[in-house]
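# Examining the three-dimensional arrangement
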Amino acid sequence: MKKLLLAFVILAIALSACDKNKDYLVTIHTEYGDMKAILYDETPLHKKNFIELAKAGRYDSTIWHRVIEGFMIQGGDVQTKEGIRETEDQRIPAEIVKGFQHTKGAIAAARQGDQVNPKKMSSSSQFYIVDGRKYSEAELTTDQMKLNQGVSQMLRDDQYDSLRQLFTELQLKGDFEGMNQLALDCKDYVSKELGISMDRDVDPETVATYTVTDGAPHLDNEYTIFGRVVEGLEVIDKIAAVKTARGDKPEKDTYLTIELEMVPKKEITKKYGYEYPKEK
C-alpha cells in the first residue's frame, strides 16, 4: 500500500513539473476565421480569470458587441449573455505593465472610465483586441485636445474667416480625417496666434512603434494588456470591417467561442517569440 501511495506521489510531482513547462495557447473561433493567442504571465490575475471563464465555456456564444474599424473589436460580455449584472467586487485589479503597448493584436481588458473607476479596475469578462492604425509623428507629439480647442477658438473669430471656410468645406464633405489633418497642418500657426504650446511629451519608443505599426497609442498605460493574438491578425480586420449600428454594435451578431490547448513553453517562445519572465 505504501509503495502504491509513493508511486502516486511521484506521478503527481512529475505531472506538476510537466505542467510548469507548458502553457495555454488560446484559439478564438469566429465565423471569419480563427485567431490564436497567448496570455502573459506578467498579468497573472487577468490570465487566470480568462482561463477560468474559457474552461467553463462561459465565453462561448458571446458576441463582438462593439466594433470600430481602425481601433478595436470588443467582446466577451458574459454578464449580458447570462442575464446577470457585474458587481464591483468581481472586477479585476489593474495589472498595467510598463512597456506593454497597444499594437495590433494586443488583447486588453475593457473597463469603466476613470471618473467612476479611478483605480482602472478591469471588467470581469469583457476584453478587446486592437485593430488600430499607423500614426504620423505630428499626431503622436501633439496635444490633440488642446489643438482642437485652439482651432475652435480661432474659428469663432472673423479675422480667421479663410481658415473657417477650409474647415467648413471639409465638414460638408464629411471628410473628418481631412479636418484632423488640416488642424495638424495649422498647429504651429495656431500655437503662435494663441501663444500656447500644442506639444506633448512622448517617449521616443512610442513614436518609433506607432509610426510603423498599427495600434492605439492613446490607450497605453491606461488599460491592462494581458495577451496578444499571434496568428490570424487578418481576422481582426474582417470583424472590424463589419457594418455597425448605434453604439458601434454590429448589425448582425457575430459570435465567438474559445478553445484552450496546452503547449510546451519552449514551442510558444520559438514559434511566437514570447519570452516567459524568469521565476523569482
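Now for a look at the structure at hand.

With that settled, consider the environment of Val207. By the element assignment, Val207 lies in helix 9 (residues 204–210). Residue classification places Val207 among the buried residues on the basis of a relative accessible area of 14%. Each C-alpha atom, one on Val207 and one on Ala94, is 25 Å from the other, the two residues being 113 residues apart in sequence. When residues no more than four places from it in sequence are discounted, the contact partners of Val207 are Glu137, Leu140, Thr141 and Val202.

Before going further, it helps to examine the pairing of strand 1 (residues 22–30). Judged by how many residues are buried, strand 1 sits mostly within the fold: seven of nine residues are covered. Here nine bridges tie strand 1 to strand 8 (residues 255–264), and the two strands are oriented antiparallel to one another. Looking at strand 8, one finds that Val26 is bridged to Leu260. Bridging between strand 1 and strand 2 (residues 33–39) involves five bridges; their strand directions are antiparallel. Of the residues in strand 2, the one forming a bridge with Thr30 is Gly33. Between the end of strand 1 and the start of strand 2, which pair antiparallel, lie two residues.

Let's shift gears to the environment of Glu275. Note on placement: Glu275 falls in the segment after helix 11 (265–272). Given a relative accessible area of 57%, Glu275 falls into the exposed group. Sequence-wise, Glu275 and Asp248 are 27 residues apart; in three dimensions their C-alpha atoms are separated by 35 Å.

Once that is clear, we can look at the pattern of salt bridges. Enumeration according to the criterion identifies 19 salt bridges in this entry. With a shortest N-O distance of 3.8 Å, Asp131 and Lys104 are connected by a salt bridge. Residue Asp131 is found in the loop between strand 6 (127–130) and helix 4 (137–140), and its partner Lys104 is found in the loop between helix 3 (78–82) and strand 5 (106–109); the two are separated by 27 residues along the sequence. Like Asp131, the residue Lys104 is buried in the burial classification. Note that Arg111 is salt-bridged to Glu222, the shortest N-O span being 3.6 Å. Remark: Glu222 occurs in the loop between helix 9 and strand 7 (225–231) and Arg111 occurs in the loop between strand 5 and strand 6; sequence separation between them is 111 residues. We classify Arg111 as buried; its relative accessible area is 15%. Beyond isolated ion pairs, a larger network of salt bridges with shared partners links Arg111, Asp114, Lys120 and Glu222.

Together, Asp34, Glu259, Glu261 and Glu267 make up a negatively charged patch on the protein surface. Along the chain, Glu259 turns up in strand 8. Given a relative accessible area of 43%, Glu259 falls into the partly exposed group.

About the cut-offs
- Residues numbered from 1 in each chain as written.
- Predicted model: local features only at pLDDT ≥ 70, side-chain atom pairs only at ≥ 80, totals over all residues.
- Heavy atoms only, no water.
- Helix = DSSP H or I, 4+ residues; strand = E, 2+ residues; numbered from the N terminus.
- Buried < 20%, exposed > 50% of the residue type's maximum accessible area, 1.4 Å probe, protein only.
- Contact = heavy atoms within 4.5 Å.
- Pairing = 2+ DSSP bridges.
- Salt bridge = Lys/Arg side-chain N within 4 Å of Asp/Glu carboxyl O.
- Patch = residues over 30% accessible without salt bridge, like charges linked within 9 Å, V, L, I, M, F, W, Y side chains within 5 Å.
- Areas by Shrake-Rupley, 256 points an atom, 1.4 Å probe, with all protein chains shown as cover.
- Lys, Arg positive; Asp, Glu negative; His and termini not counted.
- Charge placed at Lys NZ, Arg CZ, Asp CG, Glu CD.

Any functional reading would require information that these geometric values do not contain.
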